[in-house]
Amino acid sequence: MKKNKLLFLILELCILTFACCYFYFSHLSEKPESSPSVYRTEKEWIEKPMTRNGQIFLRLADNQRADHPTSIACDYFADLVAERTEGRIQIIPYHASKLGDEKSTLSQLHYGGIDMVRTSIALLTDYNPELTVLEMPYIYRDSQHMWQVLDSELGDYFLQSLERSGLEGLCWFDAGARNFYTTDKPITKPEDLEGLYIRVQQSSFMVDLVSILGANPIDLPYEAVSTQLKQQRIDGAENNFPSYVSTGHYLTAPYMVMDGHTRIPEMIVINKKILEELEPEDQEILRQAASDASIFQRNLWESEEQKAKETFIKSGGQITYLEDQAAFVKKVQPLYNTYAYRYQGFLEAIQAVGQ
C-alpha cells in the first residue's frame, strides 16, 4: 500500500512540475491588466531595472497569500520605498506564487529575470552553503536567541555572503519555529514519525532532516500541499503556525506537535547587478526600507502567530509536546557532521551569542 502511495506521489509530482513549467513559460509574454508597465520586453536588458516615464519598477516575488505576515511586510517595504523616493521607485509585490514557486523564482532572480524574492534561506543554501548553519536543528535556544544572532555582525555577514552568487540579502524576516503536523495521529516521540510520508521544502537538507527522524520525506512545491493532504497522498508536513493556519492545512491535518525542530529565517534578496544600476542614494533607501520592514514584520509575526494558535485551538485541533526532546536532538546529530562540519567556527559563534 505504501509502495503504491509513493508511486502515485512520484507520478503526480511529475505532472505538477510539467504543468507549472508550462504555465510559467506560457505567461512570460503576457501582461496582466493590473500592471502592464512592469513586464519586460524582448528588447530590454535582463539585468537592468525596468523604467517607464521616469519611474523605476522592480518586481518582488513572494509565495505566500496576500494576507500572510510576510506578504503584508513586503507591501510595507514597497510603500516605504515609494514614499522615500517620492514615487520614483515602485516595487511591485507578486504574492501567492504568481511568478512561480520559490525555487523557480530564485532561479529567475539569479539570472535577472525577477528583481527581488522573499524566500526561506533553506533554498538559498544552493547559492551559499554557509547559510546551512542558520537552519541546523535545535541550534537556537529560542526566538530571542535567533534574533540576537541575525541582528549581530554575524547576521550582517550572512546577508552580504550571497554577493559571490550575484545576489544581496536586504533584510531578515521571521518565519517562526517549524513543527510537524499530521492527519491521523499526534507526534510525541521519534517513533511516531516512522514510516509517515511528510512533505518537506524543496531542499536536500530538509529531506535529510525528515529522513533521519524516520519519516519518508516528500519534496513538493508549497502550493501542492493542500491537495496532497486532502487526497491522503501524504500523512503530514512541517511548517510554522501562521502558514499552517492561513493555508487551511490545519483543517485536514489537525495534529500539531510543538517540536520546533528548526527556526529557518527568511530574506528579501535582490539581484546585485540590478541593485547597482540604481543611484547610490537609492540603493541605501532600499536597504534602510528593508531594515525597517524587518522590524515591522517580526512584530507582526508575533501577533499573527498567537492569532493562528487561537484559531487552531478553537477549531478543535490538538497541540502536543515532545515527551523527550533530547531524543530528537540526539537523532539529528549526524546532520551536523554532514552539513556543518566545515563551519564549526560559525556554530560556536552562534551558541556564544547572548551567553
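This text follows the structure it describes.
About the criteria used
Residues numbered from 1 in each chain as written. Predicted model: local features only at pLDDT ≥ 70, side-chain atom pairs only at ≥ 80, totals over all residues. Heavy atoms only, no water. Helix = DSSP H or I, 4+ residues; strand = E, 2+ residues; numbered from the N terminus. Buried < 20%, exposed > 50% of the residue type's maximum accessible area, 1.4 Å probe, protein only. Contact = heavy atoms within 4.5 Å. Areas by Shrake-Rupley, 256 points an atom, 1.4 Å probe, with all protein chains shown as cover. Patch = residues over 30% accessible without salt bridge, like charges linked within 9 Å, V, L, I, M, F, W, Y side chains within 5 Å. Salt bridge = Lys/Arg side-chain N within 4 Å of Asp/Glu carboxyl O. Lys, Arg positive; Asp, Glu negative; His and termini not counted. Charge placed at Lys NZ, Arg CZ, Asp CG, Glu CD. Phe/Tyr/Trp six-rings, centres within 6.5 Å; stacked < 30°, edge-to-face > 60°. Lys NZ or Arg CZ within 6 Å of the ring centre and 35° of its normal. Disulfide = S-S within 2.5 Å. Core = buried A, V, L, I, M, F, W, Y, C linked by side-chain atoms within 4.5 Å. Expected span 1.5 Å × (residues − 1).

**Q** Provide a residue-level description of the overall build of the chain, including the pertinent values.
**A** Within the chain one finds 15 helices and 12 strands. Across the 355 residues that make up the chain, the buried fraction comes to 54%. Intrachain contacts of the chain at a sequence separation of at least 6 include 74% that bridge at least 24 residues. In the form shown here, the chain has an accessible surface area of approximately 16200 Å², with 52% of it arising from carbon and sulfur atoms.

**Q** Now, about a negative patch on the surface: what can you tell me, with residues and values included?
**A** Taken together, the side chains of Glu-191, Glu-194, Glu-323 and Asp-324 present a region of like negative charge at the surface. Assignment of secondary structure puts Glu-323 in the loop between strand S12 (318–320) and helix H13 (325–331).

**Q** Hey, could you go over the packing of aromatic side chains for me, with residue numbers and the actual values?
**A** A full pass over the atoms with the stated rule returns 12 aromatic pairs. Ring plane angle 15° and centroid distance 4.1 Å describe the contact between Tyr-76 and Phe-296, whose orientation is recorded as stacked. You can see Tyr-76 sitting in helix H2 (residues 69–84) and its partner Phe-296 sitting in helix H12 (residues 280–314), a full 220 residues away along the chain. Owing to a relative accessible area of 29%, Phe-296 belongs among the partly exposed residues under this scheme. With a centroid separation of 5.4 Å and 70° between ring planes, the pair formed by Tyr-157 and Phe-158 is classed as edge-to-face. Ring pairs connect the aromatic residues Tyr-181, Phe-241, Tyr-244, Tyr-250 and Phe-312, which therefore count as one cluster. Over the aromatic face of Trp-147 sits the side chain of Arg-298, whose NZ or CZ is 3.6 Å from the ring centroid.

**Q** Summarise the state of the cysteines; cite the residues concerned and give the values.
**A** Tallied over the entire structure, the rule returns zero disulfides. Lacking any disulfide linkage, Cys-74 is separated from the closest cysteine sulfur, that of Cys-171, by 8.0 Å.

**Q** Help me get a handle on the pattern of salt bridges, residues and values and all.
**A** Scanning the entire structure with this criterion turns up 14 salt bridges. Glu-238 is the partner of Arg-178 in a salt bridge, and the nearest nitrogen-oxygen pair spans 2.8 Å. One end of the pair, Arg-178, is in strand S6 (residues 177–182); the other, Glu-238, is in strand S9 (residues 236–239), with 60 residues separating them in the sequence. Residue Arg-178 is classed as buried on the basis of its relative accessible area of 6%. When its relative accessible area of 0% is taken as the criterion, Glu-238 is described as buried. If you follow the salt bridges from partner to partner, you end up with Glu-163, Glu-168, Lys-272, Glu-284 and Arg-287 in one network.

**Q** A description of unusual backbone geometry should follow, citing residues and the corresponding values.
**A** The phi angle at Tyr-138 is positive, at roughly 60°, despite the residue not being glycine. For Gln-232, which is not a glycine, the phi torsion comes out positive at approximately 60°. Mapped onto the fold, Gln-232 is located in the loop between helix H8 (225–230) and S9. For Gln-232, a relative accessible area of 58% corresponds to the exposed category.

**Q** Requested: an account of the nonpolar core, with residues and values cited.
**A** Core analysis: the largest hydrophobic core is formed by 59 residues, its most contacted members being Leu-124, Leu-134, Met-136, Trp-172 and Met-267. Excluding residues within four positions of it along the chain, Leu-124 makes contact with Leu-106, Thr-119, Leu-131, Leu-162, Met-267 and Val-269. Leu-80, Met-116, Leu-275 and Leu-278 belong to the second-largest nonpolar core, a separate cluster that totals 24 residues.

**Q** Report on H12, specifying residues and quantitative values.
**A** A rise of 1.5 Å per residue sets the reference length of H12, with its 35 residues, at 51 Å; its end C-alpha atoms lie 50 Å apart and thus fit the reference within 8%. Following H12 by one or two positions, Gly-316 has its phi on the positive side, about 95°.

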